[in-house]
Amino acid sequence: MSTALVLGGGGVAGIAWTTGLLRGLAEAGLDAAEADLVVGTSAGATVGAQLGSGLGLDQLYARQVEPDLQAPEIDPGVDLRTFADGLGVALRATGSPRDVRRAIGELALRAQTVDELVRRAVIESRLPSHAWPARTLRIVAVDARSGDPRVFDKTSGVDLVDAVAASCAVPGIWPPVEIAGRHYVDGGVRSNENADYAKGASRVLVVAPLGTEPLVPGEMPLEQAVAVLRAGGAEVAIVLPDEASRAVIGTSPLDPTTRTPAAAAGWAQGRATKPAWR
């Protein structure tokens, strides 16, 4: 029986909360970090890469809550939900989901952001190992010009840091990432979770730090992706932030100061949660 762990986007708060949650779930008896397949989008791509680094969940948790171990981050000073709402309103009439992704990609290519190498250094510092893990890790990004999704894995011939940076390139906030002459933006432009890329697994655990509501008009919202998985015979469990976790993740999940409280809230929630496969 194959298992898959799907990790959705959510900024630095989402990275911290997901890490804490996975640690708590393991203590409660479900070591989701041992899944055969990990699908990561944006923050989830970071966590997925961290899980394959060789560090245990206790060590990864410490890197979120202990100041001396925390990776240096850049605070863009942006309310992500407000930013996404405005973006969605502007693009809602653009056309097909692919047209929307292309329009977002064009916006990202024109935006004034920090230098790509400066941003890459941040991603690099987040990852304890820069080698692709032995198990299957799928990292989702979107081609900024074509609007097509791209799934990177260890067979893609792409550096892990670049793949994670591409998946984390929130359009208009962080620079698109150039890989082999193409520019890529955040995989969340297609779906916050991209859970359908876990198709084929018999059991799927979806962790969605930002809840079920898409940030922008997407092609594969969580409800639809879960339906696809279940139609294929998979048992699917979904973990969303509880009330305490939502409060600390807040509306500014890109703010580095959210890391410690988000990780602690995730840990507490994980210890109290036993996802029901159905």
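Every value quoted in this text rests on a predicted model; they were computed, and no experiment measured them. (Residues numbered from 1 in each chain as written. Predicted model: local features only at pLDDT ≥ 70, side-chain atom pairs only at ≥ 80, totals over all residues. Heavy atoms only, no water.)

**Quick notes on the nonpolar core**
Leu5, Leu51, Ile139, Phe152 and Val164 are the most contacted members of the largest nonpolar core, which has 48 residues in total. Ignoring sequence-local partners within four residues, the contact set of Leu5 consists of Leu22, Ala32, Ala33, Ala35, Leu37, Val38, Val39, Leu51, Leu205 and Val207. In terms of nonpolar packing, the next biggest core, distinct from the first, is built from 18 residues, Val39, Val204, Met220 and Ala234 among them. (Core = buried A, V, L, I, M, F, W, Y, C linked by side-chain atoms within 4.5 Å. Buried < 20%, exposed > 50% of the residue type's maximum accessible area, 1.4 Å probe, protein only. Contact = heavy atoms within 4.5 Å.)

**Brief notes about the side chain of Thr41**
With respect to the helices and strands, the residue Thr41 is situated in strand β2 (residues 37-41). Here Thr41 falls in the buried class, since its relative accessible area comes to 0%. The residues touching Thr41, leaving out its near neighbours within four places in the chain, are Leu7, Gly8, Gly9, Val140, Ser167, Asp186, Gly187, Gly188, Ser191, Asn192, Glu193 and Asn194. (Helix = DSSP H or I, 4+ residues; strand = E, 2+ residues; numbered from the N terminus.)

**A short note on empty space enclosed by the protein**
What the rule picks out here adds up to three cavities of 30 Å³ or more. Empty space within the largest cavity amounts to approximately 340 Å³. Along the walls of the largest cavity sit 27 residues, with Ser42, Leu80, Val170, Asp186 and Leu215 positioned nearest its centre. A per-class count over the lining of the largest cavity returns 17 nonpolar, six polar and four charged. The volume enclosed by the second largest cavity comes to roughly 90 Å³. Forming the boundary of the second largest cavity are Ile15, Thr46, Gln50, Arg63, Gln64, Leu69, Ala71, Glu73, Arg126 and Arg259. Residue assignment for the lining of the second largest cavity shows that the elements contributing at least two residues are α2 (43-51) and α3 (57-65). Split into classes, the residues belonging to the lining of the second largest cavity amount to three nonpolar, three polar and four charged. (1 Å grid on protein atoms, 1.4 Å probe; cavity = no way out; pocket = protein on both sides within 12 Å on 5 of 7 lines; lining within 4 Å. Points joined across faces, edges and corners; volume = space filled by probe spheres on them. Nonpolar A, V, L, I, M, F, W, Y, C, P; charged D, E, K, R; others polar.)

**Thoughts on the pairing of strand β3 (residues 136-143)**
The buried count for β3 comes to six of eight residues, which makes it a mostly enclosed element. Sheet topology note: the β2/β3 ladder contains five bridges and is parallel. When the sheet's bridge partners are listed, Val39 is paired in β3 with Arg138. Across four bridges, β3 lies against strand β4 (residues 149-152) in antiparallel orientation. Its bridge partner being in β4, Ile139 is matched across the sheet by Phe152. Between β3 and β4, which pair antiparallel one after the other, the connecting turn spans five residues, and Gly147 there sits at a positive phi close to 80°. The pairing of β3 with strand β6 (residues 182-186) spans three bridges and is classified as antiparallel. (Pairing = 2+ DSSP bridges.)

**Overview of α3**
Within the span of α3, buried status applies to Leu57, Leu60, Tyr61, Ala62, Gln64 and Val65. Where the residues of α3 are buried, they touch α1 (11-27), α2 and α10 (259-271).

**Some points on the pattern of salt bridges**
Taken as a whole and assessed by the stated rule, the structure comprises 13 salt bridges. The partner of Arg98 in a salt bridge is Asp148, and the shortest N-O contact between them spans 2.8 Å. Here Asp148 lies in the loop between β3 and β4 and Arg98 lies in helix α5 (residues 97-110), a separation of 50 residues in the sequence. Relative accessible area serves as the criterion here: at 35%, Arg98 is assigned to the partly exposed category. (Salt bridge = Lys/Arg side-chain N within 4 Å of Asp/Glu carboxyl O.)

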